[in-house]
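Residue-level structural notes
Spelled out, the chains give:
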Amino acid sequence: MTTPIAGEGGVDAYEKLAELGITLPPVVPPLAAYLPAVQSGNYVYVSGQLPLVEGKLPLTGKVGAEVTAEQAAELARTCAVNVLAAVESLVGLGRVVKIVKVSGFVASAPGFTGQPAVVNGASNLFGDVFGEQGRHARSAVGVAELPLGAPVEVEAIVEVA
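Bear in mind the structure is a predicted one, so any value in this text is a computation, not a measurement.

1. Some details on helix H3 (residues 115-130)
The first and last C-alpha atoms of H3 sit 23 Å apart over 16 residues, in line with the 22 Å expected at 1.5 Å per residue. Roughly 35° is the biggest bend found in H3, and it falls at Gly121. As for H3, its buried residues are in contact with helix H1 (13-19), helix H2 (69-90), strand E3 (96-107), strand E4 (137-143) and strand E5 (152-160). A positive backbone phi angle near 60° is found at Gly131, which sits one or two residues after H3.

2. Points about the pairing of E5
Bridge analysis of strand E2 (residues 43-49) against E5 gives 5 bridges, and the strand direction is antiparallel. By the bridge assignment for E5, Gln49 is matched with Val154. Bridge count between E3 and E5: 9 bridges; the pairing is antiparallel. What sits directly across from Gly104, in E5, is Val154.

3. Some words on the side chain of Gln49
Residue position: Gln49 is located in strand E2. In terms of polar contacts, Gln49 uses its side chain to reach the backbone carbonyl oxygen of Ser47, at 3.1 Å. Excluding its chain neighbours within four sequence positions, the residues that come into contact with Gln49 are Val28, Pro36, Cys79, Asn82, Val83, Val152, Glu153 and Val154.

4. Re the sheet that holds E5
Paired through backbone hydrogen bonds, the strands of a sheet run either parallel or antiparallel to each other. Spatial ordering of the open sheet is given by E1-E2-E5-E3-E4, a layout of 5 strands whose pairing is mixed. One side of each edge strand has no neighbouring strand; the edge strands of this open sheet are strand E1 (37-40) and E4. On average, adjacent strands in this sheet sit at an angle of 15° to one another, irrespective of strand direction. In the packing of H2 onto the sheet, contacts are made with E1, E2, E3 and E5, and the angle to E5 comes to roughly 40°. The strands that H3 touches are E3, E4 and E5; relative to E4, the one it contacts most, it runs at about 145°.

5. Concerning the confidence of the model for the protein chain
Averaged over every residue, the pLDDT of the protein chain is 94; the share at 70 or more is 94%. Taken together, the stretch residues 1-9 has pLDDT below 50 and engages in 22 contacts with residues farther than four places along the chain or on a different chain.

6. A closer look at the environment of Phe130
For Phe130, the location among the structural elements is in helix H3. In the structure, Phe130 is positioned 58 residues away from Ala72 in sequence and 22 Å away in space, judged by C-alpha atoms. Not counting residues within four places of it along the chain, the set of residues in contact with Phe130 comprises Val11, Ala13, Leu84, Leu93, Val96 and Ile99.

Rules and cut-offs
Residues numbered from 1 in each chain as written. Predicted model: local features only at pLDDT ≥ 70, side-chain atom pairs only at ≥ 80, totals over all residues. Heavy atoms only, no water. Helix = DSSP H or I, 4+ residues; strand = E, 2+ residues; numbered from the N terminus. Expected span 1.5 Å × (residues − 1). Bend = angle between axes of the 7 residues up to and from the residue. Contact = heavy atoms within 4.5 Å. Pairing = 2+ DSSP bridges. Polar contact = N/O pair within 3.5 Å; in protein donor to acceptor, adjacent residues only side chain to side chain. Axes fitted to C-alpha atoms, helices over the stretch in contact; angles between N-to-C directions. pLDDT = per-residue confidence, 0-100.

Structural data, given as structure tokens:
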């Protein structure tokens, strides 16, 4: 564990995760030719994370058909946990200053327009863990398909000290 930095971003993410009953999993291995996260300057760019739990998707299918919006929001929360695991493995959560940008992709059935509520599953987790430093800019996009039939995928840009 990295000691939290002082000042802005000095939230103890490890303590908050423990309060929430969340244990970070090992970083999810890439499914293709990319890295889970890369650092450039004071920013970590986290690749799209699927809601994999122990290497498996708990649900597959389109949101608004096989998967409810509520289930998808929980899956987005799992994606956010996997984002944090990628940051932890690269630089440590104690160095996080701010969650800057979150992009959520929702495999959507025709007519489904609740993508923002789904991606709130990820946004709310970042807020719960980092407080004000977890508030971020965001996109919530409906897509036709995601890798492995996942209902949701989340990527992030994180400022670090």
